[in-house]
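# Structure at a glance
In case you want the letters, here they are:
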Amino acid sequence: MSDYDLLLRQAKVKMGTDDSELLDIAIKNGRIVEIASTINNDASVTLDVYGKLTSPPFVESHIHLDSALTAGEPRWNQSGTLFEGIQIWSERKQNLSLEDIKTRAIATLRQQAEQGILFVRTHADVSEPQLIALQGLLEVRDIVKDWITVQVVAFPQDGIFSNPGNEALLEKALQMGADVVGGIPHYELTREYGVKSVERIFELASEYDRLIDIHCDEVDDEQSRFLEVVAACSIRTGMSTRVSASHTTAFGSYNNAYAFKLMGFLQRAQINFIANPLINITLQGRADTYPKRRGVTRVKELWQNGLNVSLGHDCIQDPWYSLGTGNMLDVAHMAVHVCQMTGMPEINACYDMVTVNGAKTLHVEDKYGIEVGKPASLIVLDIDSYYDAIRYRSKPLYVISQGKILTHTTPEVTKWL
Ligand code: 17E
Ligand code: FE2
């Protein structure tokens, strides 16, 4: 009998500081049991990963799995706007079935896992009366739980107060087991409905003891100011780190005087931010001529002010975004460009935004990280720095989930002839 089930030899791990160390990592019964510069005991399986970057897995903190892999159904988004996307999805969602949702979601999750994602927060549209997207994704959450952790947000795509019946559907979704309460205040018919929707989301979250993740101000309108309402509700209720504001693209259009004041409120509120640079660089700015706005939230400034920022892919081949394979390094790469995070500490921060910061947002820190006692979920990349991870964006060599080697990818080899 071997002492350990799995042993990684000389993995390059960043332990808290900026410096990395070469460490042996021993795994038994699905958990990390020892980390040391040399471990002499034997293991059933040993992987020699000398000098290869070994990190906690990627965290996808914002994706819509219910619409994934539907691009072009029933038609292509020609204007490229959020609003045409919502219209196309409203047509496509008329003929959802559990089978359709589950097949596409699991295919997407497999694609994500082989690219090193082991934690996913997905939105499920709950503004469809049968709640098929939600039911399907709740079933998927259970089907895949041995290899990937899925969290489901009850997301009222068509608004909570702007369509009769949607408020009740949102509450029903929580009763069915959604992990997180969502919302879309900027798409409610009036400012007043938007404010009321945020207040209702906080009430439901406290009543059902759930997290909050609101699509917030995903427009270029500098008058869209629901983030301040989210901050106010967070401060009033003390829900702070249990709350996330997704997209917040209007923050990129606010005047600096307002943005500066707001930043102070956000620091008091201590909520999480999720930016989706791949999608918002394409969706936003569509009503602009030139100069054309980037339409992405103030990632750099939020990060500089100590707020927790993570990055999401948002979409993979759906009515809002036709490209994508689910690779979080594509997301980090786009953030480096769009948010001008080009300094070395900034590039490293973008890696954190697709790993550890996402884990904070999802509240999964108890099972996340390379530490003795935690579940052995980690990835080994075929490079030795965060910088090269973002530069090459290649698949991990190994993805290890809860102690099991889930995938092995052979690196590309090019021969000059
Ligand atoms: N729905 C929405 O309101 N915004 C988005 N970016 C997507 C769906 C993908
Ligand atoms: Fe989204």
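This is a predicted model, so every value here is computed, not measured.

Parameters at a glance
Residues numbered from 1 in each chain as written. Chains lettered and ligands numbered in written order. Predicted model: local features only at pLDDT ≥ 70, side-chain atom pairs only at ≥ 80, totals over all residues. Heavy atoms only, no water. Helix = DSSP H or I, 4+ residues; strand = E, 2+ residues; numbered from the N terminus. Rg over C-alpha atoms; globule rule 2.2 N^0.38 Å. Contact = heavy atoms within 4.5 Å. Areas by Shrake-Rupley, 256 points an atom, 1.4 Å probe, with all protein chains shown as cover. Lys, Arg positive; Asp, Glu negative; His and termini not counted. Charge placed at Lys NZ, Arg CZ, Asp CG, Glu CD. Near = heavy atom within 4 Å. Polar contact = N/O pair within 3.5 Å; in protein donor to acceptor, adjacent residues only side chain to side chain. Buried < 20%, exposed > 50% of the residue type's maximum accessible area, 1.4 Å probe, protein only. Pairing = 2+ DSSP bridges. 1 Å grid on protein atoms, 1.4 Å probe; cavity = no way out; pocket = protein on both sides within 12 Å on 5 of 7 lines; lining within 4 Å. Points joined across faces, edges and corners; volume = space filled by probe spheres on them. Nonpolar A, V, L, I, M, F, W, Y, C, P; charged D, E, K, R; others polar.

## Section: the overall build of the protein chain
The helix and strand tally for the protein chain stands at 13 helices and 16 strands. For a compact globule of 417 residues, the expected C-alpha radius of gyration is about 22 Å, and the protein chain comes in at 21 Å, within 12% of that figure. In the protein chain, once contacts between residues fewer than 6 apart in sequence are set aside, the share between residues at least 24 apart is 76%. A total of about 17,100 Å² of accessible surface is found on the protein chain, and carbon and sulfur atoms cover 49% of it. Each charge sign in the protein chain was given a centre, from 39 positive and 53 negative side chains, and these centres are 1 Å apart.

## Section: the site of ligand 1
Every residue lining ligand 1 is accounted for by His 64, Leu 82, Phe 155, Gln 157, Ile 184, His 215, Glu 218, His 247, Asp 314, Cys 315 and Trp 320. Between ligand 1 and the protein, one listed contact pairs a nitrogen atom with a side-chain N or O atom of Glu 218 at 2.7 Å. Here a nitrogen atom of ligand 1 sits 2.8 Å away from a polar atom, N or O, in the side chain of Asp 314. For ligand 1, the accessible surface in isolation is 260 Å², of which the surrounding protein chains cover 100%.

## So, the pairing of strand E15 (residues 398-401)
Burial of the side chains of E15 extends over both faces: Tyr 398 and Ile 400 are buried on one face and Val 399 and Ser 401 on the other. Of the pairings in the sheet, the one linking strand E14 (residues 378-380) to E15 comprises three bridges and is antiparallel in character. Looking at E15, one finds that Ile 379 is bridged to Val 399. As judged from the four bridges shared by E15 and strand E16 (residues 404-408), these two strands associate in the antiparallel manner. Bridging across to E16, Val 399 finds its partner in Thr 407.

## Looking at the layout of surface pockets
In this structure, the second largest pocket spans a volume of roughly 290 Å³. Considering only residue class, the lining of the second largest pocket consists of five nonpolar, three polar and three charged.

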